[in-house]
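Understanding the architecture of this molecule
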Amino acid sequence: MDYLKTGGDMSLEEKLQVLTDAAKYDVACTSSGVERQGDGRSIGNCVAAGICHSFSGDGRCISLLKILLTNECIYDCKYCRNRHANDIPRATFTPEEICTLTMEFYRRNYIEGLFLSSGIIRNPTFTMELICRTIWLLRNRYHFNGYVHVKAIPGADPEVIEQTGFLADRMSVNLELPTAEGLHSLAPNKHRRTILTPMRQIQNGIQANRNDLVLYRNAPKFVSGGQSTQMIIGATPESDYQIIHVAQGLYQKFGLKRVFYSAFVNVTGDKALPALPGGPPLLREHRLYQADWLLRFYGFRAEELLDERRPFFNIMLDPKEDWAVRHLEQFPVEINRAPLETLLRVPGVGVKSARRIVAARRSGALNFQDLKKIGVVLKRTLYFITCSGRMMYPVKLDEDSIVRNLTSVRDRVQFGSDGMSYQQLSLFDDAAFTRPISVTERQQVAVGQL
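Per-chain numbering applies: the sequence of each chain, read as written, is numbered from 1 onward. Restriction of local features to residues with pLDDT of at least 70 applies here, the model being predicted, together with a cutoff of 80 or more for giving and counting side-chain atom pairs; totals for whole chains, interfaces and linings are based on all residues. Computation of side-chain values: all heavy atoms of the structure, hydrogens and water removed.

Details of the overall build of the protein chain
The following threshold applies: Secondary structure elements follow DSSP: runs of H or I no shorter than four residues count as helices, runs of E no shorter than two count as strands, and numbering proceeds from the N terminus. Buried, partly exposed and exposed residues are distinguished by accessible area as a fraction of the type maximum, computed with a 1.4 Å probe on protein chains only: under 20%, between the cut-offs, and over 50%, respectively. The contact definition used throughout considers only heavy atoms, calling two residues in contact when any of these lie within 4.5 Å. Per-residue accessibility takes into account occlusion by the displayed protein chains alone, with areas from the Shrake-Rupley method and a 1.4 Å probe.
The helix and strand tally for the protein chain stands at 16 helices and 12 strands. When each of the 450 residues of the protein chain is scored for burial, the buried share is 51%. For the protein chain, the share of sequence-separated contacts (at least 6 apart) that also reach a separation of at least 24 residues comes to 66%. For the protein chain, the computed accessible surface area is about 21,200 Å², with 50% contributed by carbon and sulfur atoms.

Some remarks on the nonpolar core
We count it as follows: We define a nonpolar core as any set of buried Ala, Val, Leu, Ile, Met, Phe, Trp, Tyr and Cys residues linked to one another through side-chain atoms lying within 4.5 Å.
If you look at the biggest cluster of nonpolar residues, it comprises 115 residues, and the most contacted ones within it are L371 and F384. Residue contributions to this core peak at eight residues, all from helix α3 (residues 124-140). Among all residues touching F384, those that are not within four sequence positions of it are A324, V325, L328, F331, P332, V333, V346, P347, I402 and L406.

Quick look at the packing of helix α6 (residues 192-215) against helix α7 (residues 240-254)
Put simply, the test is: The axes are straight lines fitted to the C-alpha atoms, using for helices just the contacting stretch, and the angles between their N-to-C directions are given from 0 to 180°. Angle categories are assigned with fixed cut-offs, so that under 35 degrees is roughly parallel, over 145 is roughly antiparallel, 65 to 115 is roughly perpendicular, and the rest are oblique. Each residue gets one label: Ala, Val, Leu, Ile, Met, Phe, Trp, Tyr, Cys and Pro are nonpolar, Asp, Glu, Lys and Arg are charged, and the others, such as Gly, are polar.
At their nearest, the axes of α6 and α7 sit 10 Å apart, and the two run at 40° to each other. Between α6 and α7, the angle is such that the two are oblique. Across from L196, M199, R200 and Q203 in α6, the residues of α7 making contact are L250, K253 and F254. A breakdown of the residues in the contact of α6 with α7 according to their chemical character gives four nonpolar, one polar and two charged.

Quick word on the sheet that holds strand β6 (residues 170-172)
The pairing of strands in a sheet comes from backbone hydrogen bonds and takes either a parallel or an antiparallel form. Defined as follows: In this analysis, strands are considered paired if DSSP registers two or more bridges between them.
Overall, parallel pairing links the six strands, which are arranged β3-β4-β5-β6-β7-β8 in an open sheet. The strands lining the two open edges of the sheet, one partner per strand, are β3 (65-68) and β8 (258-263). Pairs of neighbouring strands in the sheet enclose a mean axial angle of 20°, with direction left out of account. Here strand β4 (residues 113-117) runs beside strand β5 (residues 147-151); their pairing, made up of four bridges, is parallel. The partner of L116 across the bridge, within β5, is V150.

Observations regarding the packing of aromatic side chains
To keep things clear, this is the line we draw: Working definition: rings of Phe, Tyr and Trp (its six-membered ring) pair if their centres are within 6.5 Å, and the pair is stacked with planes under 30 degrees apart, edge-to-face with planes over 60 apart, and tilted otherwise. Whether a charge sits over a ring depends on NZ of Lys or CZ of Arg being within 6 Å of the ring centre and within 35 degrees of the ring normal.
Inspection of the entire model under this criterion finds nine aromatic pairs. Relative to W323, the ring of F300 has its centre 5.2 Å away and its plane inclined at 85°; by these criteria the two rings are edge-to-face. Linking F300 in the loop between α8 (282-297) and α9 (302-305) with W323 in helix α10 (residues 319-325), this pair joins segments that are 23 residues apart in sequence. Using a relative accessible area of 3% as the deciding quantity, one classes F300 as buried. For the ring pair F331 and F384, a centre distance of 5.2 Å and an interplane angle of 65° mean the geometry is edge-to-face. In this pair, F331 is assigned in the loop between α10 and β9 (333-334) and F384 in the loop between α14 (378-381) and β10 (385-386), connecting sequence segments 53 residues apart. Across this residue pair, the class does not change: F331 and F384 are buried. The residue whose ring lies beneath K66 is F115, and the NZ or CZ to ring-centre distance is 6.0 Å. Its end group placed over the ring of W323, R345 keeps NZ or CZ at 5.2 Å from the ring centre.

Some remarks on the side chain of S118
Relative to the helices and strands, S118 resides in the loop between β4 and α3. Contact partners of S118, with chain neighbours within four places excluded, come to L68, L69, T70, T127, I131 and I153.

Remarks on the pattern of salt bridges
Note on pairing: side chains with opposite charge can pair once their charged atoms come close. Here is the rule: Note on definitions: salt bridges are taken to be side-chain nitrogens of Lys or Arg within 4 Å of carboxyl oxygens of Asp or Glu.
Scanning all chains against the criterion turns up 16 salt bridges. D240 is the partner of R284 in a salt bridge, and the nearest nitrogen-oxygen pair spans 2.6 Å. Taken as a pair, R284 in helix α8 and D240 in helix α7 lie far apart in primary sequence, 44 residues in all. Taken as a pair, R284 and D240 share a single burial class, namely buried. For E321, the salt bridge identified is with R380, shortest N-O distance 2.8 Å. In this pair, E321 sits in helix α10 while R380 sits in helix α14, placing the two residues 59 residues apart along the sequence. Salt bridges sharing common partners tie together D76, R83 and D270.

Digging into a negative patch on the surface
Convention followed: Two distance rules govern patches: like charges are joined within 9 Å, and nonpolar side chains (Val, Leu, Ile, Met, Phe, Trp, Tyr) within 5 Å, applied only to residues with over 30% relative accessible area and no salt bridge. We score Asp and Glu as negative and Lys and Arg as positive, and we do not count His or the chain ends. In this description, the location of a charge corresponds to atom NZ of lysine, CZ of arginine, CG of aspartate or CD of glutamate.
Taken together, the side chains of E129, D157, E159 and E162 define an acidic patch exposed on the protein surface. Along the chain, E129 turns up in helix α3. Assessed through its relative accessible area of 40%, E129 is described here as partly exposed.

Here is the structure:
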C-alpha cells in the first residue's frame with residue numbers, strides 16, 4: 001500500500017485542499033433524483049428534489065463533497081492537470097479519511113452527499129478497489145445513507161465495478177473527448193473501447209436490476225440514479241454537429257441520464273493543445289447544454305439542429321431559436337390548436353408552459369395575456385405564434401429580420417411594465433399598429449403591401 005503514503009506528511013486539511021482543487025475540472029456530478037428515506041438506523045437520506053447546491057470560487061456548481069481519492073496518476077493525458085508529467089503537489093486519501101471527512105461535513109450540514117473520483121494509481125483495478133472499499137466502509141461501518149456518486153475506472157476488473165454499483169447511487173464513466181481520434185492524440189494511454197466497456201456493463205446491470213426488483217421487492221439496487229459521462233469541448237477540433245451526434249448516440253445506445261460538457265481550460269500549457277485567445281469556450285458549452293436539453297425533453301434530433309453545411313451553433317441565438325428561424329415554413333403556430341409536440345418547438349415555450357397551454361385551452365381560447373400568465377416568454381415567442389388566427393405584432397416573415405429582433409437590443413421589441421405593450425420603430429416607421437393583427441395582414445406586411 002505504498003501509494004497510500006503519498007502526502008504522508010500532510011494533514012487531513014492539507015490533503016483536502018489539494019484534492020478538492022484537483023477535482024474542480026470534473027463537471028459530471030449532479031443530484032440524480034434518487035429518493036431513499038432514512039431507515040432509523042443509518043445517517044442521512046436521499047430526496048428526489050436533489051441536493052443543496054453551493055458554488056465554488058470559479059463559478060462551478062457544487063452539490064456534494066467533491067474530491068479525488070488521489071491526484072497521483074500513471075497516465076499522461078495532455079489536457080489533464082493531474083497528468084503524470086506535471087510537477088504539482090500530490091496527495092492521496094485513505095478510505096478511512098474520506099469516510100471521516102464525509103461524516104464530519106454531513107454532521108455540520110455542509111453537504112448531503114459525496115462525489116468521488118480519482119487519478120489512476122498502480123493500475124485501474126487497484127484504484128477501483130480503493131473506491132469500492134471507501135463506499136463499502138461509508139455504507140456499512142459509518143452507516144451513511146446519503147447520496148453517493150462515484151467514477152467507474154475504465155480498464156478495472158468488471159467484478160469490482162459491479163460491487164461498487166450496488167453501493168453507489170450514480171456512476172459515471174468519462175468519455176473525455178468526443179471522438180476516438182481526439183482521444184488518441186491527447187490521451188494516448190486511453191482507448192475508446194476501454195471507456196465504453198464499463199459504460200455498457202453499468203447499463204446492462206441497471207436493466208437486470210430493474211427486472212430483479214420486479215420479482216423481488218427487497219433486491220439490492222444497482223446504480224439506481226443511472227449513469228452519466230463528460231466530454232471536454234474545445235481541446236480537439238470536433239464540430240458541434242459531431243458532438244451532439246455523439247451525445248445522441250450515448251443516450252440511445254447506453255441509456256445515459258446526462259451528458260456533461262466541459263469547456264476546455266488549458267491548465268498544462270502543452271504544445272499539442274489549442275491556444276485560447278478568447279479564454280475557455282464557455283458560450284459554446286452553454287449552447288451545447290441547451291441543445292442537449294432539446295434532445296432529451298423537446299423531441300428534437302441532432303440532424304435537425306445542425307448538419308454538415310452548418311456544423312456549429314449560432315452563438316447569438318439559442319439552438320431552438322436558430323432552428324425556428326431556419327424553418328419559418330412551419331410557422332406561425334396557432335396556440336389554440338397546435339399539438340403538444342409542435343408547441344415544444346416554439347421558441348419561448350418550455351415543457352411546463354406547453355403542457356399548461358394544452359390544459360388551459362380546454363376551457364376556452366387563449367390570448368397573449370393568458371400566455372404571459374402561463375409563463376410563455378412572449379418577447380421570443382411572438383414571432384412564431386398566433387392566438388385565434390392573429391399575431392401579436394406585425395413582423396416580417398424573414399430570417400434576417402427576426403434574427404435582428406432576437407439579437408439586437410436596439411431593434412428588439414420593447415415591452416412595457418405590463419409585459420404586453422410594445423413598440424418597434426426600426427422596421428416600421430408607422431407606429432399605428434397597437435393591436436394584434438391577422439395572418440393575412442402579417443403576410444401583407446411581409447411583402448410590403450401594408
